[in-house]
Amino acid sequence: SFWEYAILNSAYIKNLLPLSATEDKTPFELFYGYPLDVSHLWLFGCLAYAHIPNDICHKYDCIS
């Protein structure tokens, strides 16, 4: 299931966000002393397309 990865990903990204209580520094920056390079982050998930069965959709139906 992807729920485990979604929860781990959200916790990871939450630790990358700046905190207002610490003068807009991230927890990573407070611990290590330098800002984290976030160029390794990618979109989570993928594009999804709805499948319309052939008995509902015909060749000459409107596409949009």
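Our structure is the block above this text.
Everything numeric in this text was worked out from a predicted model, so none of it was measured.

Undergrad: I would appreciate a short explanation of the side chain of Thr 26 in the present structure.
TA: If you trace the backbone, Thr 26 turns up in the loop between α1 (3–14) and α2 (27–32). On the basis of relative accessibility, which here comes to 13%, the residue Thr 26 falls in the buried class. Here the side chain of Thr 26 touches Glu 29 through a polar contact of 3.0 Å, landing on its backbone nitrogen. Those residues within four positions of Thr 26 in sequence are excluded, and the remaining contacts are Asn 15, Leu 16, Leu 17 and Pro 18.

Undergrad: What exactly am I supposed to notice about the environment of Leu 30 here?
TA: Inspection of the secondary structure puts Leu 30 in helix α2. Linking Leu 30 and Tyr 5, residues 25 residues apart in sequence, is a C-alpha distance of 26 Å. Non-local contacts of Leu 30, meaning those with residues more than four positions away in its chain, are made with Thr 22 and Lys 25.

What counts and how
- Residues numbered from 1 in each chain as written.
- Predicted model: local features only at pLDDT ≥ 70, side-chain atom pairs only at ≥ 80, totals over all residues.
- Heavy atoms only, no water.
- Helix = DSSP H or I, 4+ residues; strand = E, 2+ residues; numbered from the N terminus.
- Buried < 20%, exposed > 50% of the residue type's maximum accessible area, 1.4 Å probe, protein only.
- Polar contact = N/O pair within 3.5 Å; in protein donor to acceptor, adjacent residues only side chain to side chain.
- Contact = heavy atoms within 4.5 Å.

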